[in-house]
Amino acid sequence: MRALVLGLLFSGAWLGAPTRTSAYSIQEAILRVKPAVVLITTTVGGDVTLNCGRGPVTVSLAPYIETGTGWFVDGRGYVITNAHVVDPAYRLPPWVIHELKKKAIDQACVEPKLKARRLMHGERPEVEEELRQAAAGALAGAKLEAQPQITVMLSNGVKLEAKVQKFSPPPSVDSAGKPTPDSGRDLALLRVQEGIYPAIGLTTREVQIGDPVHILGFPGVVLAHELLNQSVTLEASATNGAVSGFKVDVINQNLIQTDAPAAHGNSGGPAITDEATVVGVMQFVSLSSSGALTQGFNFLIPARDVGKFLQGTEVTKPGDSKFTAVWAAGIEALLSERYKAAVVKLTEANQLVPNLTDVKHSLNLAQEKVKNPPPQPFPWALTTLGVTLVSVGAYGSMWGQRWWKNRFRVIPTQVIGFIERGLNPVLLDVRTKTDFETSPLKLPGSTRLEPEEAERAPLNFEPEQMIVTYCTSPEEQQSARVAQVLRQRGYRTVRILKGGLGGWTNARLPVEAKSALPSIGLELYKNLSLGDIERRRFRPGEVIFKEGDDPHDEAYVIHSGTVEIRRNFDGEERVLNRNGEGEPLGEIGLFRKGPRSATAVATDDVELLVIKEERLEWLVRNRPQLALELLKRLSNLVVATDQERAQAGGVR
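Presented here is a report on the structure given in the accompanying data block. Predicted model, so just to flag it, every value in this text is computed and none were measured.

### Considering unusual backbone geometry
Then, in step 1: Of note in the backbone geometry, N424 takes a positive phi value of approximately 50° without being a glycine.
Then, in step 2: In this structure, N424 sits in the loop between α14 (412-420) and β15 (426-429).

### Quick look at the packing of helix α9 (residues 322-335) against helix α11 (residues 357-371)
Then, in step 1: Contact geometry for α9 and α11: axes closest at 11 Å, N-to-C directions at 35°. For the crossing formed where α9 meets α11, the hand is left-handed. Contacts between α9 and α11 involve F323, W327, I331 and L334 from the first element and D358, V359, S362, L365 and A366 from the second.
Then, in step 2: Residue composition of the contact of α9 with α11, grouped by class: seven nonpolar, one polar and one charged.

### Points about the side chain of D429
Then, in step 1: With respect to the element layout, D429 can be found in strand β15.
Then, in step 2: Only 3.0 Å separates the side chain of D429 from the side chain of Y470, close enough to count as a polar contact.
Then, in step 3: Among all residues touching D429, those that are not within four sequence positions of it are F436, K442, S446, T447, R448, L449 and Y470.

### A word on the packing of helix α10 (residues 339-352) against α11
In a packed pair of helices, the relevant descriptors are the angle between the two axes and the axis-to-axis distance.
Then, in step 1: Between α10 and α11, whose axes approach to 9 Å, the crossing angle comes to 150°. Regarding the angle of α10 to α11, the classification is roughly antiparallel. Crossing handedness for the pair α10 and α11: left-handed. Contacts between α10 and α11 involve Y339, K340, A342, V343, L346, T347, A349 and N350 from the first element and V359, K360, S362, L363, A366, Q367, K369 and V370 from the second.
Then, in step 2: Of the residues that constitute the contact of α10 with α11, the class distribution is nine nonpolar, four polar and three charged.

### Digging into empty space enclosed by the protein
Remark: the empty space left among the atoms is shown by a probe the size of a water molecule rolled over them.
Then, in step 1: Under the definition given, this model contains one cavity of 30 Å³ or more.
Then, in step 2: The computed volume of the largest cavity comes to approximately 40 Å³.
Then, in step 3: Along its surface, the largest cavity is lined by L524, A555, Y556, P584, L585, E587, I611, L616 and L630.
Then, in step 4: For the lining of the largest cavity, the elements supplying multiple residues, two or more each, are β23 (554-560) and β26 (584-585).

### Structural notes on helix α2 (residues 26-33)
Then, in step 1: With six of its eight residues buried, α2 lies for the most part within the structure.
Then, in step 2: For α2, the set of buried residues is E28, A29, I30, L31, R32 and V33.
Then, in step 3: Elements that come into contact with the buried residues of α2 comprise β1 (37-51), β8 (212-217), β9 (237-248), β11 (270-272), α9 and α11.

### Considerations on the nonpolar core
Then, in step 1: Counting 84 residues, the largest nonpolar core has I40, L50, W71, I80, V86, L154 and L190 as its most contacted members.
Then, in step 2: For this core, the element with the highest residue contribution is helix α4 (residues 94-116), accounting for eight residues.
Then, in step 3: Judged by nonpolar contacts, the second largest core, of 29 residues, contains V511, I533, V557 and L630.

### Re the sheet that holds strand β21 (residues 535-538)
Then, in step 1: Spatial strand order, β21-β28-β23-β26: four strands in an open sheet with antiparallel pairing. At either margin of the open sheet sits one strand with a lone partner, and together these are β21 and β26.
Then, in step 2: By the bridge criterion, six bridges tie β23 to strand β28 (residues 606-612) in an arrangement that is antiparallel. In the strand pairing of β28, I558 is matched with L608.
Then, in step 3: Here helix α20 (residues 613-622) sits on the sheet and contacts β23 and β28; the angle it forms with β28, its principal contact strand, is near 75°.

### With respect to the pattern of salt bridges
Then, in step 1: The tally for this structure, following the rule as stated, stands at 34 salt bridges.
Then, in step 2: Residue D87 pairs with R91 through a salt bridge whose shortest N-O separation is 2.6 Å.
Then, in step 3: Taking the shortest distance from any N to any O, the salt bridge between R621 and E617 comes out at 3.2 Å. With a gap of four residues between them, R621 and E617 both fall in helix α20, about one helical turn apart.
Then, in step 4: With a relative accessible area of 38%, E617 lands in the partly exposed category.

Reading the values: rules and limits
- Residues numbered from 1 in each chain as written.
- Predicted model: local features only at pLDDT ≥ 70, side-chain atom pairs only at ≥ 80, totals over all residues.
- Heavy atoms only, no water.
- Helix = DSSP H or I, 4+ residues; strand = E, 2+ residues; numbered from the N terminus.
- Axes fitted to C-alpha atoms, helices over the stretch in contact; angles between N-to-C directions.
- Left-handed = near helix turned anticlockwise from the far one by under 90°.
- Contact = heavy atoms within 4.5 Å.
- Nonpolar A, V, L, I, M, F, W, Y, C, P; charged D, E, K, R; others polar.
- Polar contact = N/O pair within 3.5 Å; in protein donor to acceptor, adjacent residues only side chain to side chain.
- Parallel < 35°, antiparallel > 145°, perpendicular 65-115°, else oblique.
- 1 Å grid on protein atoms, 1.4 Å probe; cavity = no way out; pocket = protein on both sides within 12 Å on 5 of 7 lines; lining within 4 Å.
- Points joined across faces, edges and corners; volume = space filled by probe spheres on them.
- Buried < 20%, exposed > 50% of the residue type's maximum accessible area, 1.4 Å probe, protein only.
- Core = buried A, V, L, I, M, F, W, Y, C linked by side-chain atoms within 4.5 Å.
- Pairing = 2+ DSSP bridges.
- Salt bridge = Lys/Arg side-chain N within 4 Å of Asp/Glu carboxyl O.

This is how it looks when you write it as structure tokens:
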């Protein structure tokens, strides 16, 4: 009855406990950030004055246009994008000026002469090239009055003029492969007019390979597609993938590699995690030798570097936005089918920033669900209330019994905590005599107590002293029995080590050897369960295995005794080595996947522990310290074998 009551209490506490917030669904993560993604358009137009041979003329040019993606990092009007997206308008690179002047030459010098000869553009390429060559002198004297402009367009169609607040140029190298003085992180911070805007925050956790990634942006292949409506310029596209690697660029700046598809126009766009935060900024894609996009090799500027770039600016809280908080609440209500609450929040979001595409769509959907609610499911909660209460009672009883059983048990890390807090617990080894003699390991500084002597053995401990008993019996039965006896003797703080000696070694905590063991032997015993491992015994002079034998997928640990390793050199058998307690035996045959390279003979009574190949391979892959010890041993064997061969060669 007491266990049932305890179980109900613990179940109630568990049911009332708050649950950990997990990642959003892909749909919710993208919806939360999508309104903050904007289309960046960089234009450089102007008038060019030049002389084609008939006096100065001025022509107005169709502007040079570059598109990319950006995103609001601060709801007051700050936008992040790639520096190379806005570079043509911000720095007016020489190549942009040159291209505009070439267009002016075509417009003012070449096209009139083509018309005079009644030729269409492209009809006689060789004539066009001659006319361009003839007008080459006009190019040098041409003067450009540039009119650069950077525009940010939201998904509601509103276009805002942007100014560059901070600029870090794209990375570049000179002909010698060294970074140029103006190389940077390829980031730009833009400022639009003061207002309320959506915003996306930066991730604060370390990115791992395999983490999901969603890239948002305006790829050029969509913007220029002849079969799509022009409304595609309003709404960002999303592609999905994962983190596939970590690289560095030509000037050794960190990059995140992803297999999420991207294309020209995605530059500057946010790559988000399932927590709806920015993990990186899309920087560049990969092209094949033919110039086609090679998906799976796209690269992001890490969010950490974006945070460093923002230092010293007015953006001190990335992701801060009045709109975003309201929008997130509306999306959460909509996806959890609380449609009336969703309408309230989404209406408020639409009032803050009117007519954003995703806000309008979500609001219409919520309003439709309020007018035409979906069919309500059968009220299973009421029908199954009685069953639920019974189940809670049953499971509560189970939890109560488990708690009652484990109330005195502690895990190895708790013992370490006791030691660090200065409680100085006594570690009491209460293994049976057989178990104690079988394993050469013990906990550091532990005291031995024969379990049969627990009721009467003198113990020089204070009644308040903390005592931790450990053993190797199933479910710590031996430790539990001794702990109960000690409590009856007046020791009030007696604990049981959960998992016993095996739990301690599995936690990778230090152990001591009762006898002098080599370091490799100590690692082997720490990772072997002696209770279920096969043992073999040999009398003095018995051959354990012969040179050339099949290993039969077995290696050994010498548990007791000494083994001679012998090998034939030109028909003469010579002793190469003597191995003792705790040393491995026969592992070389498994690593070589070949026959035994030497003969092993017992020199006295020998007991071996058998390790199967799959178990040895698992230990090597999962126990780094053991793998290191094996590597050291094999290295020493190689050196010793080379010396033996050299000596044998000298004899011949």
